[in-house]
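Structural characterization, general
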Amino acid sequence: QDRKVSGTVQDAKGDGIPGVSVLVKGTTTGTTTDGTGAFSITVKSANAELSVSSVGYVAKTVPVGNRSSITITLDEDVSQLSEVVVTGYASQRKKDITGAVAVVGAKELTAVPSASVTQMLQGRASGVTVGNDNSPGGGTMVRVRGFGSINNNSPLYVIDGVPTQGTLNQINPSDIESMQVLKDASAASIYGARAANGVVIITTKRGGEGEPKINFDMYTGTQDVGKTLDLLNTKELGQYYYESEIGAGKPAGTSPSVQYRFAPDGTQTIADYIYPNVYGSLPANYTYTNDITDPNLGKTAWNITKANKEGTDWQHVIFGPAKISNYQLGATGGSKNGKYAISGSYFSQDGILKYTSYQRYSVRANTEFKKGNLTFGENFTVSYDEKVGVPSGNNNESNPIMFAIRIQPIIPVYDITGGPVALGGTNSSDLNGFAGSRGSNLGNAPNPFARQWREKDNPVKGSHIFGNVFLEYEIIKNLKARTSLGFEYNNYNQSAYFNRDIEAAEARNSNSLTVSNSFDRAVTWYNTVNYNKTIGDHTFNVLVGTEAVSTYSFGFNASRSNFAFDDLSYRYLNNGSAAGLANAGSGATQTALFSQFGKVNYSYKDFLLADFTLRRDGSSRFSPAYRYGTFPAFSVGARLTELAFMKDLTFLNDLKVRAGWGKTGNQLIPNVYNAYTLFTPDPNNNAYDISGSGSSIASGFDIAQFGNSFGRWETNTSTNIGFDGSLFNNKLDIAFDWYTRTTSDMLTQVPIPKTAGTASIPYVNIGEVNNTGIDINITYRNQIGDLRYSISGQYSQYKNNVVKLNDDPKATIFGFSTRLPAISVTKAGLPIASYFGYIVDGVIKDDAEAASAVQIPGYTRAGVFKFRDVNGDGKITADDKTIIGNPHPDFTYGLNLNLGYKNFDLTVFAQGVQGNEIFNYLKYWTDFNTFQGNRSKDMLYNSWKKQGDVALLPRLNSNDTFSQQISTYFIEDGSYTRIKNIQLTYTVPSSVIKKLKLSSLQVYVQGQNLFTFTKYKGLDPDINLRTSGNDNQDIHMGIDEGAFPVAKSYNVGLRVGF
Amino acid sequence: CSDSFFDIQPQGAASLTSLSNKNGVNALLIGAYSLLDGVGAGNTGRQSTISNYVFGGITSGDAVKGTDAGDQPEQSFIEQFNWLSDNTYFLGKWQHTYDGVARANEAILLAKSTDVKDMTDAERTQVVAEARFLRGHYHFEGKKMWNMIPYIDETVYKRDDPNSTKVPNDKDIWPNIEADFKFAMDNLPAVQAQKGRATKWAAMTYLAKAYMFQKKFAAAKTLLEDVYKNSGKKLVTNYHDNYRNTTNNNSESIFEVQFSVNDGSNGNNGNAGDNLNWPYSANAPGRGCCGFYLPSQNLVNAFKTTADGLPMIGDKADGTADTYNLVDLPNDQGIRSATVEFNLDKTVPVDPRLDWTVGRRGVQFLDWGPMPGYPWIRDQNYSGPYTGKKWMYYLADEGSSTHSTSKRNVNNNYRLLKLSSVILWLAECEAELGNLSGAETYVNMIRNRAKNGSVQDPTVNYVVNPYPTGTFAAKGKDYALNAVRMESRLEFAMEGHRFFDLVRWGIAGPYLNKYMAEEAKNGTDMTGRTYNKRGYLAGKSFTTGKNEYFPIPNDEILNSQKDGKPTLKQNNY
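What counts and how
Residues numbered from 1 in each chain as written. Chains lettered and ligands numbered in written order. Predicted model: local features only at pLDDT ≥ 70, side-chain atom pairs only at ≥ 80, totals over all residues. Heavy atoms only, no water. Helix = DSSP H or I, 4+ residues; strand = E, 2+ residues; numbered from the N terminus. Rg over C-alpha atoms; globule rule 2.2 N^0.38 Å. Buried < 20%, exposed > 50% of the residue type's maximum accessible area, 1.4 Å probe, protein only. Contact = heavy atoms within 4.5 Å. Areas by Shrake-Rupley, 256 points an atom, 1.4 Å probe, with all protein chains shown as cover. Lys, Arg positive; Asp, Glu negative; His and termini not counted. Charge placed at Lys NZ, Arg CZ, Asp CG, Glu CD. Polar contact = N/O pair within 3.5 Å; in protein donor to acceptor, adjacent residues only side chain to side chain. Axes fitted to C-alpha atoms, helices over the stretch in contact; angles between N-to-C directions. Parallel < 35°, antiparallel > 145°, perpendicular 65-115°, else oblique. Left-handed = near helix turned anticlockwise from the far one by under 90°. Nonpolar A, V, L, I, M, F, W, Y, C, P; charged D, E, K, R; others polar. Pairing = 2+ DSSP bridges. Domains from an automatic or database assignment. Salt bridge = Lys/Arg side-chain N within 4 Å of Asp/Glu carboxyl O. pLDDT = per-residue confidence, 0-100. Disulfide = S-S within 2.5 Å. Core = buried A, V, L, I, M, F, W, Y, C linked by side-chain atoms within 4.5 Å. Patch = residues over 30% accessible without salt bridge, like charges linked within 9 Å, V, L, I, M, F, W, Y side chains within 5 Å. Phe/Tyr/Trp six-rings, centres within 6.5 Å; stacked < 30°, edge-to-face > 60°. Lys NZ or Arg CZ within 6 Å of the ring centre and 35° of its normal.

What follows covers the overall build of chain A. Check the secondary structure of chain A and you find 10 helices and 57 strands. Here chain A has a C-alpha radius of gyration of 32 Å; the compact-globule value for 1058 residues is 31 Å, and the two agree. Counting only C-alpha atoms and orienting by the principal axes, one finds that chain A spans roughly 110 × 70 × 65 Å. Here chain A holds 1058 residues, and the buried ones make up 57% of them. In chain A, of all internal contacts separated by at least 6 residues, the share reaching a separation of at least 24 is 68%. As displayed, chain A offers around 39000 Å² of accessible surface, 56% of which is attributable to carbon and sulfur atoms. With 95 positive and 93 negative side-chain charges, chain A shows a spacing of 5 Å between the two charge centroids.

Set out below in structure tokens:
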């Protein structure tokens, strides 16, 4: 007889679990639990058993007996082996995976608040190296298993089936359910053509069956700068300049600059005013002006500026506490026929560099409807963001961070007006009242804070749409066809206004406005058919499909100058003078990709697992004859614990050995039109005033690029061997992978002599790069009484080696030139972007040592660097430059510690890098005689003073222009360990929650980046690429050109379920 | 999937097919002209600016780097003869040289192409002639820098083979340069409708210049006399008209590099390569920048004249017997404030060209009022008290002569070839060939123009006179040569020719070592204090047999590898 049984499914803590599937065993009768974990079901007899299962919990079968009310407690499935993982067009149980896949759950990902999900990957997945930009909304470098190419090593991101290769800033991290990194070819080759750098698969949150769950999450906190550089104060800098002049052979009592007077006995007097330069009180006829066009400026009118005799601590002027907060409201739920997950969020982060910020509004809706055999759904997110970036960009010598390091401490922040009213001063102008370097001998670094203030209203505004619609049809049982149309659209707009900076040494002659607009779109359409079949002990899963991707992007900018007013409301192009009119729009970037692919998964009795993948891609980036590439891969795995004799090893719960091999492709040559020889007109570079008018040009053309119509796919061949083991009642999980991957036919711009002109060099398929490494993940978890704990660690190492660039073993690709010649070289036998320069064997301590040293005419003497004569020819020439360092780490690691006691959870997350070297370009400015800027304490106090000194730096000498050659002096150990996150969470007990009529409530406090252990002397050892996300950046990695330092922050957060 | 899905044409660029017509050929030729200013070859511009201020200026004793010690140290290395082959300035100059060559070759190849149907043979020939003039010019720039360089013509350069230009630098390329100028001379009209285009006279003058560099004085003389007599060019009355935008393309001019501003570009066509070479003050031309490329004390002293208005020179052809540098012309070195009373002693007789060449405190600076000294100089202690002048503009011309957003971009043309050069080369030919009175006549033409033209500041004691007839003959050939060389220095100071002239005359070693030794010594400033002139030049030296030519850029040798061996051979470094 039928009877109704009701009950609750709960977890170990006694909290109800929603969405649990409850099935009467052996029948099709089933239901799911509601939001509180309650269910009710009809059974036919007392012998009936209920099968209870839910993702993340160990399934259970419970006899009903004659109970009418049952409480079922499910244990968390800590081993996660039954977790289903999306692996590309399909999903697989984690335990069946035979390729190298790292899985990162939403909880871990979002533990450290950040604008971008890519930043959150740092230290979370073995084999994945992440470099952070640290600026709000800034880019991130993600590299999977080393550096396969010298072009672009960014992985492919696939969000709900839609591929993209951007910064992912437009995606709200809280919407993410899980993230998988497909690391080796056997896992990734289903994405063939674009998978060579790994694939990151992101799945956003979906609804489940059950009552609506409404959640509110928020956190808010404050961030501040950590370490700053040890620079000189006003008095010390005067001393430094003086000693440098004396060191240059000038007589005692020489005044090194107009602000510093020295008596022959070395007594220092500092000017009282720096603009005009006055000792004592100001002449009565001097007047104040903030008008740069005032004809008396610099004669009788000045933006009068007092000397700051103590010294301005510029680094603490530009940096300051900054707020970060995030608010998110979401609802999930659904029935058998329709599921939904919707959310809205607001994220706001101010940068610790004042007036930089990032704000994002985003809305996501994922819905899915089922009717009969049809499933139809969509996943879309719409977001809008505004970013006020670092003026002049991150990691750039002209950004405020570098200027704060370079500007002299004698310069105050404001002139005598105290700055604009909005900043607490009295200046009549909102943009003036700043002090600067305009006077004599004050260097050329502009007031960085003034720049930040003036450029605070120049945000980049982005609008983003990203998502897909899909239709799935179950043709017959286990045979499903799916079609998905994905769409990405990004639109960027910026009105960048620059006003005249009266106080700057190299002031802008006129104000100007540049308006930039750009957009890009990508459409991806894929179709798959998936068939599942079990025949006896053999299970097959076959997937075949096609995919077409088309992209288009376009941008232009226009500028005018000489605006009559600086007001924000006036900053529109029409208001500027047409004489300063300039506009530019480069050609559009358009690409197409078409692919066919198939994959077979086979398993025998859960013991033997095998995958075979084949993908064929065609790309518009290559000429028709070389358009298609075919990328096969296979992997096998054996779950040894299924063998009879292994079953006796009770400590071993699961052991799977895996091996895979495969090829993937890379088409990401920066030039999508590489096949063509092209000519372009350019008013700046190939037009000419042939008529001699003085104000007009005839437009010209010149060859812009040499084409290579023979270009074809870059191929990445990888072999992966690994195992996954679970031991001691699933308390210990170990995953180990060894891999080697070789990029062949690497698309390389092998330098050609400049005698061929300057048309850009075509990419040709000749280079070869190898990365070999290991990834290890270990997790141990246990419970002692009420104390729950887990420790997990991930360890990654790779060794990068350029096997060849072309047939010439000496072929060299240089990185960018800074003020110094190129610092990085890429050549055969070395890792990509090795540092290249002179070896300095310390500072010559005395005349005797100087006499025996290799002579550099006009330089070598006691107290200067001893450059090494590497080739032994008795002189120091460019031929003595050699490899002096390696930006690649020996290994990287992450460590996660979770402690739980009753309702408290403590999480500590540390992450680090070991054995890499950083080229500290900051020292070029602080430790040598470069411009009239500020200097390091090292330079004043730890430079050579007298015979016999064993000094860090050469003698002070204002005529020394040689010591700052690229050398080992700049190379520093970049190793660090950072306590990235410490978080204490309190989960309000369910008894209290019920009274509050809530379903869950958590509060937490969090400290980020509180401790960093490093020997690196710069601001921060986490150096990102120069412009992350751009092409060809990897050939110049590891160079600190004024990188945005990581912020220390303190947050409080709240998670409420209604 | 059909092929049309992949059929994506490059957006925003032209193929050779689209350019294969008359307009396309002319546009490529314009592209080749465009690099004349030294800007646009993907380097920093200052590395290859037509003024050659780095390679021909601060190396020559006429100028110092300026600014402060740590600014652009690579220029300091060049100034101090510490020449390393990886100095990016050498690479930048090389890159520009051959980009110019490549553009000229592209124009020639297309002009000769049978795919171009709408051009007559005469039109094609004219394009080829102009392009060969330019190709000769770019190679000439390289030749005087490095001596042994490869010559890349349209038969060597192959667009489809990136290795095609890996040609050894084992031949003297003067014959090739001459051939290009000869072809241009024989095929170009005497007058062109557009002022910027090369003419027959420009090609002839340039060919003569190539002869001068090879000491082929007789051959040079023939051509120079032809230009002098038949080109219709005349010396302008006022020396200064060669240095002002309102007198661009004047009657003296044979070939000018055309600058333009407010032309829809970002200012890149307005002498952008010299955009660091402006006074440091916002009350000065350029409205405040950088302070590079400043006249040396030695150059200023060279403008001193005897009471008779003659240069203070001796009878050694390498200038080592000259006396002008024994006493410094009064100046404001060490006066550190613009507001301190300073009265320049203007009684010392000087050549009026001094104040059209050098800005010095207390003397009118164009129409900007008296130059105020210290505020215009970035670090007087380091660089000395002077500033350059020839490329700067009048306050009255600000706006018409300057770019709207950057007043350091100006349209005051660089006069690459002018009749005054032709006259002084003729003087040199005559002196070398033993006709000393002929040499004297030519030199005196230049001196008379200086004497009779406008002056910058009437309160200065300007005295300049022609050499009394017979002076050269009386004092002999060495004196005559020295006089011609001095006259070139005074006339063309700060125009970037000097170092290359010193080298071609074979006097660079003794001349420059004397200069550096003297400039490194202390001087005495107006307050009576001892001051250090250019102390950083102490111990620096020019090595004869080495420093005549610059090192070939290291990168280029590296990238010239063919079959495992570099095709380029380094100079003596």
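Residue and element names in this part refer to chain A. Mapped onto the elements of the fold, Asp 294 is located in the loop between strand 22 (287-288) and strand 23 (301-302). In terms of polar contacts, Asp 294 uses its side chain to reach the side chain of Thr 289, at 3.2 Å. Aside from chain neighbours lying at most four places away, what touches Asp 294 is Thr 289 and Ala 301.

Attention now goes to the packing of helix 14 (residues 436-452) of chain B against helix 16 (residues 477-492) of chain B. All names here are of chain B. Running from N to C, helix 14 and helix 16 point in directions that differ by 25°, and their axes come no closer than 10 Å. On the basis of their axis angle, the class for helix 14 and helix 16 is roughly parallel. Seen from above, helix 14 lies across helix 16 with left-handed handedness. In this structure, helix 14 contributes Leu 436, Val 443, Ile 446, Arg 447 and Arg 449 to the contact, and helix 16 contributes Lys 477, Ala 480, Val 484, Glu 487, Leu 490 and Glu 491. Looking at the contact of helix 14 with helix 16 residue by residue, the class counts come to six nonpolar, no polar and five charged.

Residues and elements named next belong to chain A. In space, the five strands of this open sheet follow the order 10-15-16-13-14, with mixed pairing throughout. Edge positions in the sheet fall to strand 10 (101-105) and strand 14 (162-164), since each of these pairs with one other strand and no more. Put simply, the sheet's adjacent strands are angled 20° from each other on average, direction ignored. By the bridge criterion, four bridges tie strand 13 (residues 156-159) to strand 16 (residues 199-204) in an arrangement that is parallel. Bridge pairing links Val 158 to Ile 201 in strand 16.

This part is about the environment of Phe634(A). Residues and elements named next belong to chain A. Its location among the elements puts Phe 634 in strand 36 (residues 628-639). The class of Phe 634 is partly exposed, set by a relative accessible area of 40%. Phe 634 has contacts with Ser 186, Asp 611, Phe 612, Ala 659, Gly 660 and Trp 661, leaving out every residue within four places of it along the chain.

Interface size is commonly expressed as the accessible surface area that is lost when the partners come together. Partitioning chain A into domains gives domain 1 (3-73), domain 2 (84-205) and domain 3 (234-310 + 408-442). Just the C-alpha atoms count here: the centres of domain 2 of chain A and domain 3 of chain A sit 52 Å apart.

What follows concerns the interface of chain A and chain B. Opposite the 105 residues of chain A that make contact, chain B presents 108 residues. Connecting chain A to chain B are four salt bridges. Across the salt bridge formed by Asp702(A) and Arg103(B), the nearest N and O atoms sit 3.0 Å from each other. For the pair chain A and chain B, the number of links is 32 residue pairs in polar contact (both at pLDDT 80 or more). If you tally residues by element for the side of chain A that touches chain B, the top one is strand 34 (residues 589-604) of chain A, at five residues.

Let's shift gears to the packing of helix 5 (residues 88-111) of chain B against helix 6 (residues 121-146) of chain B. All names here are of chain B. Where helix 5 contacts helix 6, the axes come no closer than 9 Å and their chain directions differ by 160°. The pairing of helix 5 with helix 6 is recorded here as roughly antiparallel in orientation. Note that helix 5 runs across helix 6; the crossing there is left-handed.

Residue and element names in this part refer to chain A. Counting buried positions along strand 11 (residues 128-132) yields five of five residues, so the element is predominantly enclosed. Residues Val 128, Val 130 and Asn 132 line one face of strand 11 and the alternating positions Thr 129 and Gly 131 line the opposite face, and both faces are buried. Here strand 11 runs beside strand 12 (residues 140-144); their pairing, made up of five bridges, is antiparallel. Following the sheet pairing, Val 128 is matched in strand 12 by Val 144.

Our focus in this paragraph is the confidence of the model for chain A. The predicted model of chain A averages 87 in pLDDT, with 98% of residues at 70 or higher. By mean pLDDT, the top-scoring element of chain A is strand 53 (residues 971-973) of chain A (95), and the lowest-scoring one is helix 1 (residues 106-109) of chain A (73).

Residues and elements named next belong to chain B. This structure, assessed with the given rule, holds one disulfide over all chains. Note on cysteine connectivity: Cys 289 is disulfide-linked to Cys 290, with sulfurs 1.6 Å apart. Accessibility classification places Cys 289 together with Cys 290 in one group, the buried group.

Phe133(B), Phe472(B) and Phe550(B) are the most contacted members of the largest nonpolar core, which totals 176 residues. No other element matches the 11 residues that helix 8 (residues 200-213) of chain B contributes to this core. With residues near it in sequence (within four places) discarded, Phe550(B) still touches Phe55(B), Thr59(B), Ile78(B), Trp83(B), Phe90(B), Met145(B), Trp146(B), Phe499(B), Phe500(B), Asn571(B) and Tyr573(B). The next biggest cluster of nonpolar side chains, apart from the first, holds 81 residues, and it includes Tyr260(A), Ala322(A), Trp944(A) and Ile971(A).

Quick look at unusual backbone geometry now. Residues and elements named next belong to chain A. Each neighbour pair has its own omega, and for Tyr 275 with Pro 276 the value is 0°, a cis peptide bond. Looking at where Pro 276 falls in the secondary structure, it is placed in the loop between strand 20 (273-275) and strand 21 (277-278). Although it is not a glycine, Ser 392 sits at a positive phi angle of roughly 70°. With respect to the secondary-structure elements, Ser 392 resides in the loop between strand 28 (374-388) and helix 5 (400-406). By relative accessible area, which is 35% here, Ser 392 ends up partly exposed. Phi at Asn 730 takes a positive value of approximately 65°, unusual for a residue other than glycine. Along the chain, Asn 730 falls in the loop between strand 40 (714-727) and strand 41 (732-748).

Attention shifts here to the sheet that holds strand 7 (residues 69-73) of chain A. All names here are of chain A. A sheet is described by the order of its strands in space; here three strands give the open sequence 4-1-7, paired in mixed fashion. On the outer flanks of this sheet lie strand 4 (38-43) and strand 7, each paired with one strand and no other. Recorded for the sheet is a direction-independent mean angle of 30° between the axes of neighbouring strands. As defined by bridge partners, strand 1 (residues 3-10) adjoins strand 7 across five bridges and the pair is classed as parallel. Note on strand 7: the bridge partner recorded for Thr 8 is Thr 71.

All names here are of chain A. Here strand 40 pairs with strand 41 via 13 bridges, running antiparallel. The residue of strand 41 that forms the bridge with Leu 727 is Leu 732. Joining the antiparallel neighbours strand 40 and strand 41 is a turn of four residues, in which Phe 728 adopts a positive phi near 50°. Here 15 bridges tie strand 41 to strand 42 (residues 764-784), and the two strands are oriented antiparallel to one another. The partner of Ile 734 across the bridge, within strand 42, is Ile 778.

Glancing now at a nonpolar patch on the surface. Taken together, the side chains of Phe369(A), Leu374(A), Phe376(A), Val469(A), Leu471(A), Tyr473(A), Ile475(A), Ile476(A), Leu485(A) and Trp525(A) make up a nonpolar region of the molecular surface, amounting to roughly 890 Å² of accessible area. The residue Phe376(A) is located in strand 28 in this model.

For the rest of this paragraph, the subject is the packing of aromatic side chains. The way to describe two aromatic rings as a pair is by their centre distance and the angle between their planes. Inspection of every chain in the model, using the stated rule, returns 83 aromatic pairs over all chains. Ring plane angle 40° and centroid distance 5.5 Å describe the contact between Phe865(A) and Tyr969(A), whose orientation is recorded as tilted. Taken together, the positions of Phe865(A) in strand 48 (residues 865-867) and Tyr969(A) in the loop between helix 9 (937-941) and strand 53 put the pair 104 residues apart, joining distant regions of the chain. Here the two residues Phe865(A) and Tyr969(A) agree in accessibility, since each one is buried. A ring pair is formed by Phe904(A) and Tyr986(A), whose centres lie 4.7 Å apart and whose planes are at 40°; its orientation type is tilted. Pair noted here: Phe904(A) is in strand 51 (residues 904-914) and Tyr986(A) is in strand 54 (residues 976-987), with a separation of 82 residues, a long-range link. Residue classification places Phe904(A) among the partly exposed positions, given a relative accessible area of 40%. Members of the aromatic cluster, each reached through a chain of ring pairs, are Tyr835(A), Tyr838(A), Tyr859(A), Phe865(A), Phe867(A), Phe919(A), Phe928(A), Phe962(A), Tyr969(A), Phe970(A) and Phe77(B). Between Lys923(A) and the ring centre of Tyr969(A), over which it is positioned, the NZ or CZ distance is 4.3 Å. Looking at Arg504(B), its charged tip hangs above the ring of Phe213(B), at a distance of 5.4 Å from the centre.

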